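Survey of secondary and tertiary structure
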Amino acid sequence: AAFGLRHLNYFTFGSVSAICKYDPEELLLNGLDTVWVGVESKFTQLKKTKGADAGDIFDSLEAVGNKTIGSMILGLDVQDEDNVVADEDFFVRLNPTFQQISILTVEPSMPLARLYQKQKQQKYPWENYHLYGQTYQPKNFTYDQLLQRADDLYQLMVARTLHCTSP
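An account of the accompanying structure is given in this report.

Overview of the layout of surface pockets
Taken as a whole, the largest pocket encloses approximately 540 Å³ of empty space. Residue lining of the largest pocket: 22 residues in total, with I73, L76, L104, T105 and M110 positioned closest to the centre. Among the secondary structure elements, those contributing two or more residues to the lining of the largest pocket are β3 (67-74), β4 (98-103) and α5 (111-118). The biggest single contributor to the lining of the largest pocket is β4, with 3 residues. The class makeup of the residues in the lining of the largest pocket is 11 nonpolar, 7 polar and 4 charged.

The following block contains the structure:
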């Protein structure tokens, strides 16, 4: 009997805390091709980012042939001028196959939105609700600084990829 390598390969979203419960080789043999992991920030206290070292998760998945998509969010309250570079360096070291770097989006239905409503944050038009739209007033950065940081981080990752794959 053939395992997942000859069958439909699938893509899944997974958190560090969920993915660390499984053996990467077993996931591959069951047909997993790509895992999207929400890393967000090394400074968050979210349950989904706990349970294992994110670097070990990415390394072990890629070592057996799985592709990874790493997702990072800029503009979280835990990020500031003193630690954001360390956060970005952490994400770069994960070396995901693909990346998504975005700015925090505070959607009205999120628990975080209630906090911003209590702080009397201004309301933003629906057109702003995308990965790079302003939907709240960042605590430690301007919106333009976050846009620039996201662009710079993408540029850094592209340059690193080109450098690593050059003959």
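As for the packing of aromatic side chains
Counted by the stated rule, this structure contains 3 aromatic pairs. Residues F11 and F13 carry aromatic rings whose centres are separated by 5.4 Å and whose planes lie at 80° to one another, so their mutual orientation is edge-to-face. According to the relative accessible area criterion, F11 is partly exposed, its value standing at 41%. Consider the rings of F11 and W36, whose centres lie 6.3 Å apart with planes at 85°: the pair is edge-to-face. Highlighted residues: F11 in strand β1 (residues 10-14) and W36 in strand β2 (residues 32-40), separated in sequence by 25 residues. Among the residues examined, W36 registers a relative accessible area of 22% and is labelled partly exposed. By the ring-pair criterion, three or more aromatic residues cluster together here, those being F11, F13 and W36.

Section: helix α3 (residues 54-63)
If you check which residues of α3 are buried, you get A54, G55, I57, F58 and L61. Each buried residue of α3 lies within a common arc of 165° when the element is viewed along its axis, so the set occupies one face. Buried residues in α3 make contact with α1 (16-19), α2 (24-29), β2, β3 and α4 (84-94). Between the side-chain oxygen of the N-cap and the backbone nitrogen of G55 there are 3.0 Å, and the N-cap of α3 in question is D53.

Digging into the nonpolar core
Counting 32 residues, the largest nonpolar core has L74, F91, L94 and I101 as its most contacted members. Where this core is concerned, the elements lending two or more residues are α1, β2, α3, β3, α4, β4, α5 and α6 (143-165). For this core, the element with the highest residue contribution is α4, accounting for 5 residues. With near-sequence residues (within four places) excluded, L74 lies in contact with Q79, V84, E88, I101, S102, I103, L104, Y136, L146, R149 and A150.

Points about the environment of D144
Positionally, D144 belongs in helix α6. Taking the C-alpha atoms as reference, D144 lies 9.4 Å from Q134; in sequence the two are 10 residues apart.

So, the pattern of salt bridges
Counted by the stated rule, this structure contains 2 salt bridges. Put simply, D33 and K67 hold a salt bridge, and the shortest N to O gap is 2.9 Å. You can see D33 sitting in strand β2 and its partner K67 sitting in strand β3, a full 34 residues away along the chain. Since its relative accessible area comes to 24%, D33 is described here as partly exposed.

Thresholds applied
Residues numbered from 1 in each chain as written. Predicted model: local features only at pLDDT ≥ 70, side-chain atom pairs only at ≥ 80, totals over all residues. Heavy atoms only, no water. 1 Å grid on protein atoms, 1.4 Å probe; cavity = no way out; pocket = protein on both sides within 12 Å on 5 of 7 lines; lining within 4 Å. Points joined across faces, edges and corners; volume = space filled by probe spheres on them. Helix = DSSP H or I, 4+ residues; strand = E, 2+ residues; numbered from the N terminus. Nonpolar A, V, L, I, M, F, W, Y, C, P; charged D, E, K, R; others polar. Phe/Tyr/Trp six-rings, centres within 6.5 Å; stacked < 30°, edge-to-face > 60°. Buried < 20%, exposed > 50% of the residue type's maximum accessible area, 1.4 Å probe, protein only. Arc of directions from axis to C-beta. Contact = heavy atoms within 4.5 Å. Polar contact = N/O pair within 3.5 Å; in protein donor to acceptor, adjacent residues only side chain to side chain. Core = buried A, V, L, I, M, F, W, Y, C linked by side-chain atoms within 4.5 Å. Salt bridge = Lys/Arg side-chain N within 4 Å of Asp/Glu carboxyl O.

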